[in-house]
Structure formats: structure tokens, C-alpha cells
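Architecture and fold: a report
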Amino acid sequence: MKISPATHTLTMSFEVFPPKTDTAFAPVRQAALEIAGLSPRFVSVTYGAGGNGSRYTFALCREIEEGAGVPTLAHLTCVGQTKQSISASLTSLKEAGIDSIMALRGDLPEGMTGPQGDFPHAVDLIRFIRETNPEFTIGGACYPEIHPESPDRRGDLKYLKEKVDAGCDFLTTQMFFDNALYFHFLYRIREIGIHVPVFPGIMPITSVRQIERAVTLSHSFMPTRFKRLVDHFGSNGEAMKQAGIAYAVDQIIDLYASGIEHVHVYTMNKPDVAAEICRRLSGILGSMA
Ligand SMILES: Cc1cc2nc3c(=O)[nH]c(=O)nc-3n(C[C@H](O)[C@H](O)[C@H](O)COP(=O)(O)OP(=O)(O)OC[C@H]3O[C@@H](n4cnc5c(N)ncnc54)[C@H](O)[C@@H]3O)c2cc1C
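Overview of the structure. (Residues numbered from 1 in each chain as written. Predicted model: local features only at pLDDT ≥ 70, side-chain atom pairs only at ≥ 80, totals over all residues. Heavy atoms only, no water.)

1. Observations concerning the side chain of D156
Within the secondary structure layout, D156 lies in helix α5 (residues 153–165). There is no salt bridge for the buried D156, and the closest opposite charge comes from R153, which lies 6.5 Å off by N-O distance. A polar atom in the side chain of D156 sits 3.1 Å from the backbone nitrogen of H147. (Helix = DSSP H or I, 4+ residues; strand = E, 2+ residues; numbered from the N terminus. Buried < 20%, exposed > 50% of the residue type's maximum accessible area, 1.4 Å probe, protein only. Lys, Arg positive; Asp, Glu negative; His and termini not counted. Salt bridge = Lys/Arg side-chain N within 4 Å of Asp/Glu carboxyl O. Polar contact = N/O pair within 3.5 Å; in protein donor to acceptor, adjacent residues only side chain to side chain.)

2. Describing the packing of aromatic side chains
Aromatic ring pairs are described here by two measures, namely the spacing of the ring centres and the angle between the planes. One pass over the structure, following the stated rule, counts 10 aromatic pairs. Ring plane angle 45 degrees and centroid distance 6.4 Å describe the contact between F42 and F170, whose orientation is recorded as tilted. Taken together, the residues F42 in strand β2 (residues 42–45) and F170 in strand β6 (residues 170–175) connect sequence positions 128 residues apart. Across this residue pair, the class does not change: F42 and F170 are buried. (Phe/Tyr/Trp six-rings, centres within 6.5 Å; stacked < 30°, edge-to-face > 60°.)

3. What about the nonpolar core?
In terms of nonpolar packing, the biggest core is built from 64 residues, with I64, L90, L171, I252 and I277 touching the most fellow members. Residues contacting L90, with those up to four places away along its chain left out, are L76, I101, F128, I129, T132, N133 and F136. Formed by 14 residues, the second largest nonpolar core is a distinct cluster that contains I211, M240, Y247 and Y266. (Core = buried A, V, L, I, M, F, W, Y, C linked by side-chain atoms within 4.5 Å. Contact = heavy atoms within 4.5 Å.)

4. Overview of the site of the ligand
Around the ligand, a shell composed of 24 residues is seen, among which Y47, D107, Y143, D156 and K163 lie nearest. Y143 is positioned such that a nitrogen or oxygen atom in its side chain is 2.7 Å from an oxygen atom of the ligand. Contributing elements (two or more residues each) for the shell around the ligand: β3 (72–77), β4 (100–104), α5 and β6. A per-element tally of the shell around the ligand places α5 first, with 4 residues. Looking at the shell around the ligand residue by residue, the class counts come to 9 nonpolar, 9 polar and 6 charged. (Near = heavy atom within 4 Å. Nonpolar A, V, L, I, M, F, W, Y, C, P; charged D, E, K, R; others polar.)

5. What to know about the environment of S44
The residue S44 is located in strand β2 in this model. In this structure, the C-alpha to C-alpha distance between S44 and L73, residues 29 residues apart in sequence, is 4.4 Å. When residues no more than four places from it in sequence are discounted, the contact partners of S44 are F14, E15, V16, L73, H75 and H264. Here E15 takes part through its side chain, which lies 3.2 Å from a polar atom of the side chain of S44.

6. A closer look at unusual backbone geometry
The residue S39 is not glycine, and still its phi comes out positive at about 60 degrees. Among the secondary structure elements, S39 is positioned in the loop between α1 (25–36) and β2. We classify S39 as exposed; its relative accessible area is 59%. Even without being glycine, M268 reaches a positive phi, approximately 45 degrees. Within the fold, M268 resides in the loop between β8 (262–265) and α10 (271–286). On the accessibility criterion, M268 (23% relative accessible area) is partly exposed.

What follows is the structure, given as C-alpha cells:
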């Protein structure tokens, strides 16, 4: 199913992750369908780097498209993959009617230090998809605070430009908690000739445990305002959840007011959080109509 073109109103996409086992599939499917029921522009489904659980990613995409009529973006990582295994994945995606791929390298498994396999970097995967299956819509990842493995910003941006030139239709950012970082990044990449849409990635942080995991993985900067919020509400589960949602909604409103019309939300299989974000936003945007 094709992702619809941009409109001049705020659209959202939500991210879910697939289960690791057959038995966990039903509850994850239920959560994903509830999230899709909020009518996002698309739902993206993550992929276990190294190929673990790819069938769950594709199966979940299919369930969302067929069950909720919402287009999906299937993530696909290339670390450790061969041309044969990637070709097989592309065939499976086509057979499942999935048109859009988030093409990623994936995090290097422990012990793996440098690029290995047929696809050392995401750019190699993007080039391969473009050459062999040009009909796919392709997204790529980008990092307003630079990728943690990159020694410097200049190199990171140079490789990002190569990735876009290889055939990305759009980029989605790593999560950030300070919108100024995103706007600054946007300015830098427009200056070097990257003109595809760049969807800001917003993660509603709803518990202290989630903060620790998110920051370890993403290396995202925590603004003082956010740290204060955690200090104040972190020991009370429900208060932290509401404050985290309010912070994410605040970021989204600021992005929209600054002319950004599509926001990607890392909802991580939490339909209640996604629904509350939509409810609060529709209260604000609805009163503008
Ligand atoms: C929006 C988003 C979604 C994600 N979804 C998933 C997911 O579903 N599953 C998952 O496992 N992970 C996911 N990740 C995490 C991602 O896989 C990791 O951040 C990974 O470390 C890098 O992936 P990439 O596609 O950005 O890699 P690349 O674009 O290959 O970049 C990786 C590093 O290599 C450098 N580099 C790039 N090209 C070259 C080159 N030609 N020569 C030398 N250096 C180069 C870059 O500067 C960077 O430091 C996601 C990240 C984001 C932002």
C-alpha cells in the first residue's frame, strides 16, 4: 500500500516493534492495530538487526495493512546480510504488498567492529534496492546529534548525502528532546544539497526506565527542562507518563508551528500513549479550524 503524499495539515506516523516469539504475536498485533486505528499516515515496523525476527516485521506490516487499511513502512537492516538474503526479503515484501522500506545498516552485533558482509553501510542497501527493485519507496535514518560511531559531523553529513543520492525518498531522524538540534541539522543538510523530506522523530518518554534505555541507545542530549521534569515526576509512574506525553506534544506543536507537517512518533507498542497524543493535538489543532 502506497504512503499518501504530504498534505498541508499535520500528519503523523507511529513506530511499533515486532514480537520475538510466535506467542507474543497476538498481543503485539492487537497493539499495532489499535495504533493504526488512530489513522496515522503510515505505521513503521522495526526490524531486528542481523535478520532475527524479520518474518514478524513483514507479517505485522501485512496485518496492519490488511486489518486497518493503513500503509506501512517495513524496516530492513543489512548488517551481516548477503545479496541473496536481501533479495529474498525484497521478494517477501513485494508478495505481502508492502511498498515502502526503511533501509538501515542496523547496530553492529557485539564483537563486530567494522563493516562486514555484502552491505557494509546503509548506502549499499539503498543502492541495491534502487538497482534491483526501483519501485520501492525508500527511507533512510539520520542523526541530528551525529551518529554515535562518527568521529566528526562533517564525515557524517558527507555519508548522509551519499545515502540520499543513492535513492532515499525521505529521512527520519533519531529521537531528540531539543527541537533546536533538529532545526540546526535541517539547516546544515539543506546547505549541502539534501532536499528530501526529513521527518522529525519524537519519543514520548513515559517512565524513568525508558529514559535510561533511550539515552543509552540514542546518545540523545537531555535538555535541563527535560531533566527537571524527570527529577520532579520520575518517582510517580502516572505523573511521569502524563508529563512525558505533555513534553512530546509540546515538541510536536513547536515543530508544526515552525512549518513541519509530518512528525514520526516512537510510540513503541503503546496505543494509550499514541491515543493521548492524538487527543491532545486534536484539541489544539481542532480549535484552529
Ligand atoms: C529512524 C530510525 C529507525 C531505526 N530502525 C531500526 C530498526 O528497525 N532496527 C535496527 O536494528 N536498528 C534501527 N535503527 C538504528 C540503526 O540501525 C543504527 O543507528 C545503526 O547504527 C546505523 O544505521 P544507519 O542505517 O544509520 O547506518 P549508516 O547510514 O550505514 O551509518 C552508520 C555509520 O557509518 C557511517 N558511514 C555511512 N556510510 C559510510 C561509508 N560509505 N564509509 C564509511 N562510513 C560510513 C555513518 O557516518 C555512521 O557513523 C534505527 C535508527 C533510526 C534513526
